Amino acid sequence: QILHTSRFFPMKQACTFALLAIILLQWLLLAYVLTQQHLKDELSLLNDRKDFAPLVEKANSIKPSSLELKQQHDDDNDKPNKFDGVAATLILKSPKWFQRRLTVMVQNVLNSIPPTWAVQIFLADHAQAKDGINVVNRGLQRLINSNPRVILTNIPTELWSKKQRPKLLLTDSWIWEHMIADNVFLFSGNGAVCANSHSVMEDFTSLDYVGIPWWRYDRVGGDGSTHSFRNRLAILDALRYTTEGISGSNNGKPYDGNEREDIFYVRTMLDMNKKGISNFKLGSSEETELFGGTSTFVSRFNETIAQNDAEKIGPPFIISGTLPGVSYDVREKLLEQCPEIKTIFPALHDPHCFGAHPEGDKCAESICALRDPAGRTGGC
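The paragraphs below set out a description of the structure included in this document. Being a predicted model, the structure only gives us computed values, none of them experimental.

1. Some remarks on a nonpolar patch on the surface
And step 1. Residues Phe17, Leu19, Leu20 and Ile23 make up a contiguous nonpolar surface patch of about 420 Å² in total accessible area.
And step 2. Mapped onto the secondary structure, phenylalanine 17 falls in helix α1 (residues 2-61).

Structural data, given as structure tokens:
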């Protein structure tokens, strides 16, 4: 028996070694497969990074001090009617305190116009105007670079050198020829669009001109010094009438730079209508009230405030200015209905002025108008 066992021992040992060799080979094979898969994944990730690299490089190349913004006139946006309408504004050499509201101003309008409309910014060829975007309003710079509905248009140097005031630019045909749509909503930082208004932009697009209520021309047309809706083609017709004449008629009175541009346009359109040259539709007193009036809100204030249902009236589409002609109670309620207009009012940000336990004396110390005039260097 001992001899029998000894004879087969070398064979049993050989089988053991063979089995271990097979296990080792399988382990090496598995390790090789896993290594190859890992290398494949790394190569795929590297390729992804290479594909993404141009985007990263492009993003890093946008420097805050650079005005390499979208140039509207190099693409199809330069053609009218690409959009159904455009909200347009001028950024000129306004002071920094005014420029600080530009981002909010554009965002307010962008949120209030139809999705088929764009915002067009006409930028003056002036360092202070460019700083208004590059330095003061980085948010606006990013918005211009990222949103295809926000379009930058540079005012030519030659035009800017001759006409550096809004009324002079808005009475130059170049501005209107380069509007990207026929429906034009002119806006500025001296007011805001009220999202809670019962009126919307489409309520006014059948008109050729409408502004906020005024007393001129039997209250027809409206004040367009801060906000207005205008038809681009109607404006160009009015300009052509005052420079070239239309259909053999006598020229209207050319713009001399002495009156406000909105008065010039309303006067010219009414003159053309009277002579039968055109049939412009200017906003009625009721339409100017809907666009930017507060009379309806004021007249119904007493009967609605007791029921706390001012929402049934709602604010106008536009609130322009600081509402100096209304009472404190009415202004407060209008600010509640149109919080967007708060952007042009000074902020009462001292913690002593609000909250569960306001402190009147300490609050008064933070209010410029309540301080000793002798200690003020200027206005409030």
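2. Some points on the state of the cysteines
And step 1. The tally for this structure, following the rule as stated, stands at 2 disulfides.
And step 2. Residue pairing for cysteine 353: its cysteine sulfur links by disulfide to cysteine 363, the two sulfurs lying 2.0 Å apart. The sign of the 105° torsion about the S-S bond sets the cysteine 353-cysteine 363 disulfide as right-handed. Here cysteine 353 is found in the loop between α14 (328-337) and α15 (360-365), whereas its partner cysteine 363 is found in helix α15, with 10 residues between them in sequence.
And step 3. Accessibility expressed as a relative area gives 11% for cysteine 363, which makes it buried.

3. Section: the packing of helix α3 (residues 102-110) against helix α5 (residues 138-146)
And step 1. Orientation of α3 relative to α5, taken along the N-to-C sense of each, is 40°, at an axis distance of 7 Å. When the axes of α3 and α5 are compared, the pair comes out oblique. Every pair of crossing elements has a handedness; the one defined by α3 and α5 is left-handed. Each of Leu102, Thr103, Val106, Gln107 and Leu110 in α3 lies in contact with α5, whose residues at this interface are Gly139, Leu140 and Leu143.

4. Comments concerning the packing of helix α9 (residues 232-243) against helix α10 (residues 261-274)
And step 1. Between α9 and α10, the least distance of the axes is 10 Å, while the angle of their chain directions is 80°. Judged on the interaxial angle alone, α10 and α9 are roughly perpendicular. Facing α9, whose interface residues are Ala234, Ile235, Asp237, Ala238, Leu239, Tyr241 and Thr242, α10 presents Phe264, Tyr265, Thr268, Met269, Asp271 and Met272.
And step 2. Its residues assigned to classes, the contact of α9 with α10 comprises 9 nonpolar, 2 polar and 2 charged.

5. Some remarks on the nonpolar core
General note: in soluble globular proteins, nonpolar side chains tend to be found buried as a group.
And step 1. With 69 residues, the main nonpolar core has Val119, Ile121, Leu140, Trp176, Met179, Phe185 and Phe291 as its most contacted residues.
And step 2. Those residues in contact with valine 119, other than ones at most four positions away along the chain, are Val86, Ala87, Val106, Val109, Leu110, Ile113, Arg149, Val150, Ile151 and Phe187.
And step 3. Grouped together as the second largest cluster of nonpolar side chains are 15 residues, Phe297, Leu334, Cys338 and Ile344 included.

6. Re the pairing of strand β4 (residues 183-186)
And step 1. On β4, burial covers both faces: Asn183 and Phe185 on one face and Val184 and Leu186 on the other are all buried.
And step 2. Here strand β1 (residues 85-91) runs beside β4; their pairing, made up of 3 bridges, is parallel. Bridge pairing in β4 places alanine 88 opposite leucine 186.
And step 3. Judged from the 4 bridges that link them, β4 and strand β7 (residues 228-231) form a sheet pairing that is antiparallel. Bridge pairing in β7 links phenylalanine 185 to phenylalanine 229.

7. Things to note about α9
And step 1. With 12 residues, α9 should cover 16 Å at 1.5 Å per step; its first-to-last C-alpha distance of 17 Å lies within 8% of that length.
And step 2. Among all positions of α9, only Arg232, Ala234, Ile235, Leu236, Ala238, Leu239, Tyr241 and Thr242 are buried.
And step 3. Those residues of α9 that are buried lie in contact with α8 (173-177), β4, β7 and α10.
And step 4. Capping of α9 at its N-terminal end is provided by asparagine 231; its side-chain oxygen lies 2.9 Å from the backbone amide nitrogen of leucine 233.

8. Focus: the layout of surface pockets
The gaps of empty space that remain are located by a probe, the size of a water molecule, rolled over the atoms.
And step 1. Computed from the structure, the largest pocket encloses a volume of approximately 800 Å³.
And step 2. What lines the largest pocket is a set of 17 residues, among which Leu335, Phe345, Pro346, Ala347 and Leu348 lie closest to the centre.
And step 3. The space that makes up the second largest pocket amounts to roughly 590 Å³.
And step 4. Counting only elements with at least two residues in the lining of the second largest pocket, the list comes to β1, α3, α7 (166-169), β7 and α10.
And step 5. Looking at the lining of the second largest pocket element by element, the count peaks at 4 residues for β1.
And step 6. When grouped by side-chain class, the residues that make up the lining of the second largest pocket number 11 nonpolar, 10 polar and 7 charged.

9. Quick notes on the environment of serine 94
And step 1. With respect to the helices and strands, the residue serine 94 is situated in the loop between β1 and α2 (96-99).
And step 2. If we skip the residues at most four places from it in the chain, serine 94 touches Gln99 and Gln128.

10. Things to note about unusual backbone geometry
And step 1. Unusually for a residue other than glycine, tyrosine 217 sits at a positive phi of about 50°.
And step 2. Considering the arrangement of structural elements, one finds tyrosine 217 in the loop between β6 (209-210) and β7.
And step 3. With relative accessibility at 32%, the residue tyrosine 217 sits in the partly exposed group.
And step 4. Unlike most non-glycine residues, arginine 219 shows phi in positive territory, near 65°.
And step 5. Tracing the sequence through the fold places arginine 219 in the loop between β6 and β7.

Parameters and conventions
- Residue indices follow the written sequence of each chain, beginning from 1 at its first position.
- Local features in this predicted model are restricted to residues whose pLDDT is 70 or higher, and side-chain atom pairs enter the listing and the counts only when it is 80 or higher, whereas totals over whole chains, interfaces and linings include all residues.
- With hydrogens and water stripped out, all remaining heavy atoms of the structure feed into the side-chain values.
- Residues qualify for a patch when their relative accessible area is over 30% and they have no salt bridge, like charges being joined within 9 Å and the nonpolar side chains of Val, Leu, Ile, Met, Phe, Trp and Tyr within 5 Å.
- Accessibility throughout is a Shrake-Rupley quantity obtained with a 1.4 Å probe, and a residue counts as covered only by protein chains that appear here.
- Any carboxyl oxygen of Asp or Glu within 4 Å of a side-chain nitrogen of Lys or Arg constitutes a salt bridge here.
- Numbering of helices and strands starts at the N terminus; helices are DSSP runs of H or I of at least 4 residues and strands are runs of E of at least 2.
- Disulfide assignment relies on a single distance test, namely cysteine sulfur atoms paired within 2.5 Å.
- Residue exposure (1.4 Å probe, protein chains only): buried if accessible area is under 20% of the type maximum, exposed if over 50%, otherwise partly exposed.
- What counts as an axis is a line fitted to C-alpha atoms, over the stretch in contact for a helix, and the angles between N-to-C directions run from 0 to 180 degrees.
- By definition in this entry, angles of less than 35 degrees are roughly parallel, angles greater than 145 are roughly antiparallel, angles of 65 to 115 are roughly perpendicular, and the rest are oblique.
- By convention the crossing between two helices is left-handed if the near helix lies anticlockwise of the far one by an angle smaller than a right angle, and right-handed if it lies clockwise.
- Only heavy atoms enter the contact rule, under which two residues are in contact if any of them lie within 4.5 Å.
- Throughout, the ten residues Ala, Val, Leu, Ile, Met, Phe, Trp, Tyr, Cys and Pro are labelled nonpolar, Asp, Glu, Lys and Arg are labelled charged, and all others, Gly among them, are labelled polar.
- Throughout, nonpolar core names a set of buried Ala, Val, Leu, Ile, Met, Phe, Trp, Tyr and Cys residues whose side chains join them through atoms within 4.5 Å.
- For two strands to be treated as a pair, DSSP must find at least two bridges joining them.
- Under the convention used throughout, the expected extent of a helix is 1.5 Å for every residue step, that is, one less than its residue count.
- In the analysis that follows, any N or O atom pair within 3.5 Å is treated as a polar contact, provided that within protein one partner can donate a hydrogen and the other can accept it, and provided that, for residues neighboring in sequence, both atoms belong to side chains.
- Buriedness for pockets is judged along seven lines, at least five of which must meet protein on both sides within 12 Å for an open set on the 1 Å grid over protein atoms alone, while cavities are sets there where a 1.4 Å probe fits but cannot get out, and lining residues have an atom within 4 Å of a point.
- Grid points are joined across faces, edges and corners, and a volume is the space filled by probe spheres set on the points.

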